[in-house]
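Observations on chain architecture
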Amino acid sequence: MACSNCGTATISVTVPDDYRQNAPSEASVVTFCPHCLTLEPASAEASTAKSDPEFARVSDAFPTQPERAIPLVLALGLCSSLATNRTAIELLLREVERAGTDPLLVLDRLIADPSVEPAIDLERRRHQLEQLLY
């Protein structure tokens with residue numbers, strides 16, 4: 001499936017029940033764009049996600065283990081509105097940390113990666129997220 005924002009082939013991700021309230025439209029499957037980092041509920045044709053999403057397509061800096069990558073994907077999807085989603089983003093990023101990945105370091109590396117062009121101002125969001133976490 002292609003990203004509706006930039007046309008890049010997306011990654012289908014099955015959202016665990018624990019995180020479903022943080023997914024767009026509380027979808028059980030979402031699509032994540034490895035280029036612009038846009039997150040959308042999966043359409044009917046994309047609703048069958050692989051059991052092992054190809055998170056390595058995002059960047060060398062992006063975690064590939066689902067327990068680290070899925071909460072990070074969901075947090076990035078919520079970053080378009082920090083004020084509304086502050087609590088959820090904070091909880092998701094703490095889950096990423098608990099799983100063994102520094103989410104702020106991942107964001108720094110995504111910002112520096114020329115193959116990633118986020119739909120949101122990731123540099124500004126990164127600074128705001130740092131204030132949330134510390």
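Now for a look at the structure at hand. (Residues numbered from 1 in each chain as written. Predicted model: local features only at pLDDT ≥ 70, side-chain atom pairs only at ≥ 80, totals over all residues. Heavy atoms only, no water.)

Notes on the packing of helix 1 (residues 66–78) against helix 2 (residues 82–98)
Axis angle and axis distance: for two packed helices, these are the angle between their axes and the distance between the axes, and together they describe the pair. What counts, and what does not: Every axis in this analysis is a line fitted to C-alpha atoms, fitted for helices over the stretch in contact. Angles between the N-to-C directions lie between 0 and 180 degrees. Secondary structure elements are taken from DSSP: a helix is a run of H or I of four residues or more, a strand is a run of E of two residues or more, and numbering for both begins at the N terminus. Note on angle classes: values under 35 degrees are labelled roughly parallel, values over 145 roughly antiparallel, values of 65 to 115 roughly perpendicular, and the remainder oblique. Helix crossings are classified by the rotation of the near helix relative to the far one: an anticlockwise turn of less than a right angle makes the crossing left-handed, while a clockwise turn makes it right-handed. By the convention used here, residues are in contact when the closest approach between their heavy atoms is within 4.5 Å. Any residue that is not Ala, Val, Leu, Ile, Met, Phe, Trp, Tyr, Cys, Pro, Asp, Glu, Lys or Arg is counted as polar, Gly included; the first ten are nonpolar and the last four charged.
The geometry of helix 1 relative to helix 2 is characterised by a closest axis approach of 9 Å and an angle of 165 degrees between their N-to-C directions. Judged by the angle between their axes, helix 1 and helix 2 are roughly antiparallel. For the pair helix 1 and helix 2, the sense of crossing is left-handed. Along its contact with helix 1, which presents Arg68, Pro71, Leu72, Leu74, Ala75 and Leu78, the element helix 2 presents Leu82, Asn85, Ala88, Ile89, Leu92, Leu93, Glu95 and Val96. Of the residues belonging to the contact of helix 1 with helix 2, the class tally is 11 nonpolar, one polar and two charged.

Comments concerning the sheet that holds strand 2 (residues 29–32)
Quick note on the threshold: Only when DSSP finds a minimum of two bridges between them are two strands counted as paired.
As summarised here, the arrangement of the three strands in space is 1-2-3, forming an open sheet in which the pairing is antiparallel. A single partner strand is all that each edge strand has here, and the edge strands are strand 1 (11–14) and strand 3 (39–41). Geometrically, the sheet is characterised by an average inter-axis angle of 30 degrees between neighbouring strands, direction not taken into account. With four bridges joining them, strand 1 and strand 2 adopt antiparallel strand pairing.

Some words on the pattern of salt bridges
Pairing between side chains of opposite charge can happen when the charged atoms of each approach one another. To keep it simple, the criterion reads: A side-chain nitrogen of Lys or Arg and a carboxyl oxygen of Asp or Glu constitute a salt bridge if their distance falls within 4 Å. Relative accessibility decides the category of a residue: with a 1.4 Å probe and only protein chains considered, values under 20% of the type maximum give buried, values over 50% give exposed, and everything between is partly exposed.
Enumeration according to the criterion identifies seven salt bridges in this entry. Note that Arg98 and Glu95 form a salt bridge whose closest N and O atoms lie 2.3 Å from each other. Taken together, the residues Arg98 and Glu95, both in helix 2 and three residues apart, mark about one turn of the helix. The exposure class assigned to Glu95 is partly exposed, which follows from its relative accessible area of 28%. Here Arg126 ties to Asp108 by a salt bridge, and the two come within 2.5 Å at their closest N and O atoms. On the criterion of sequence distance, the pair formed by Arg126 in helix 4 (residues 122–133) and Asp108 in helix 3 (residues 103–112) is long-range, its members being 18 residues apart. The class for Arg126 is buried, based on a relative accessible area of 14%. Taken together, the shared-partner salt bridges in this structure form one network comprising Glu90, Arg94 and Glu97.

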